[in-house]
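Analysis of the macromolecular model
Listed below, chain by chain, are the residues.
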Amino acid sequence: MNKTVNRVLLALAGLVLCALGGSVLAIGLGAPAPSWWLHDGRHDVLLDDSERTRWRDEGWWWPVVIAALAVVVLLCLWWLVSVLRRRRMSEVFVDSGDGEGAALRGRALEHALAEEANRQDGVARARVRLTGRRGTPRARVVLLLEPHVDPGTALDTLTAGPLTHAREATGLPALPAEVRLRAVKHRPERVT
């Protein structure tokens, strides 16, 4: 969903900027200004003296402008950080017992966890993503369950099986997990 939101926001911002920039460029090059346009023509300025000084004597104007711009800047910075932040863990630090340690690819551990979870009874599909830091990973697991499976049993089996095996194999003291359980869509069954 995060990728979808980013793409939609970027597309909207790009369309607005292209439309405004293209229209300003066209009018600056001599194209006739439409009737709804803010300015009259090619030699019109963005803010004339009356527009620039209209609110200068009002005490609330500049604090509101500065606060609004500060909010816009903070939202843009938050968005930039969320886009640039790496979501998926590239490697997990494994204590090899010799004092040096080893690095295990994060995708390899995700794949192993998903494969073992897929072999559980009643699991149609499992997806695993590791987040966090190299020495303290966190697992996000999505289990797609068959209709006949008890969710509590599936969760207990996942905890005692794949998650415990992954924690023991990597030598991690803990492997916290967020597990989401979903049911496979199926046709309703008739009861007689």
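Note that the structure is a prediction, hence the values are computed from the model and not measured.

Rules behind the numbers
- Just so you know, the residues in each chain are numbered from 1, in the order the chain's sequence is written.
- Totals for whole chains, interfaces and linings use every residue, but because this is a predicted model, local features are given only for residues with pLDDT of at least 70 and side-chain atom pairs only at 80 or more, for both listing and counting.
- To obtain the side-chain values, all non-hydrogen atoms of the structure were used and water was disregarded.
- Two joining distances apply to patches: 9 Å for like charges and 5 Å for nonpolar side chains (Val, Leu, Ile, Met, Phe, Trp, Tyr), and every residue must have over 30% relative accessible area and no salt bridge.
- Note on areas: these come from Shrake-Rupley sampling with a 1.4 Å probe, and a residue is covered only by the protein chains present in the view.
- A carboxyl oxygen of Asp or Glu within 4 Å of a side-chain nitrogen of Lys or Arg is what we treat as a salt bridge.
- For the charge count, each Lys or Arg is scored as positive and each Asp or Glu as negative, with His and the chain ends excluded.
- For this purpose, a charge sits on NZ of Lys, CZ of Arg, CG of Asp or CD of Glu.
- Only DSSP runs of H or I with at least four residues qualify as helices, and only runs of E with at least two residues qualify as strands; both kinds are numbered from the N terminus onward.
- Pairs of cysteine sulfur atoms within 2.5 Å are identified as disulfides in what follows.
- Summary of the burial criterion: residues with accessible area below 20% of their type's maximum are buried, those above 50% are exposed, and those between are partly exposed, where the area comes from a 1.4 Å probe applied to protein chains only.
- Note on pairing: DSSP must find at least two bridges between two strands before they are called paired.
- Under the pairing criterion, centres of Phe, Tyr and Trp rings, with the six-membered ring standing for Trp, must be within 6.5 Å; the plane angle then separates stacked pairs below 30 degrees from edge-to-face pairs above 60, leaving the rest tilted.
- Contacts are assigned to residue pairs with any non-hydrogen atoms lying within 4.5 Å of each other.
- Each axis is a line fitted through C-alpha atoms, taken for helices only over the stretch in contact, and angles between the N-to-C directions span 0 to 180 degrees.

So, on to a negative patch on the surface. Together, Asp-40, Asp-44, Asp-48 and Glu-51 give the surface a local cluster of negative charge. Examined against the element boundaries, Asp-44 turns out to sit in the loop between helix 1 (2-28) and helix 2 (49-53).

Evaluation of the coordinates by the stated rule reveals zero disulfides. The cysteine Cys-18 is free of any disulfide, with Cys-76 supplying the nearest cysteine sulfur at 17 Å. A relative accessible area of 44% places Cys-76 in the partly exposed class.

Residues of strand 1 (residues 91-94) alternate between two faces, with Val-92 and Val-94 buried on one and Glu-91 and Phe-93 left unburied on the opposite face. Where strand 1 lies against strand 2 (residues 102-105), four bridges are found, and the strand directions are antiparallel. Residue Phe-93 lies in a different strand from strand 2, and its bridge partner there is Ala-103.

Enumeration over the complete set of coordinates arrives at one aromatic pair. Ring geometry for Trp-60 and Trp-61: centres 5.8 Å apart, planes at 85°, overall edge-to-face. By relative accessible area, Trp-60 is classed as partly exposed at 43%. Judged by its relative accessible area of 26%, Trp-61 falls in the partly exposed class.

In this section: a positive patch on the surface. Positive charge collects at one region of the surface, where Lys-3, Arg-7, Arg-105, Arg-107, Arg-129, Arg-138 and Arg-140 lie side by side. Those elements giving two or more residues to the positive patch turn out to be helix 1 and strand 4 (137-145). Mapped onto the secondary structure, Arg-105 falls in strand 2. For Arg-105, a relative accessible area of 56% corresponds to the exposed category.

Moving on, we come to the environment of Arg-180. You can see Arg-180 is positioned in strand 5 (residues 177-183). When its relative accessible area of 44% is taken as the criterion, Arg-180 is described as partly exposed. In sequence terms Arg-180 and Asp-156 are 24 residues apart; their C-alpha atoms lie 13 Å from each other. Excluding residues within four positions of it along the chain, Arg-180 makes contact with Val-141, Val-142 and Leu-143.

The sheet built from three strands is open, its strands ordered 3-4-5 with mixed pairing. Of all strands in the sheet, those bounded by a partner on one side alone are strand 3 (123-132) and strand 5. Averaged over neighbouring strand pairs, the angle between their axes works out to 15° when direction is ignored.

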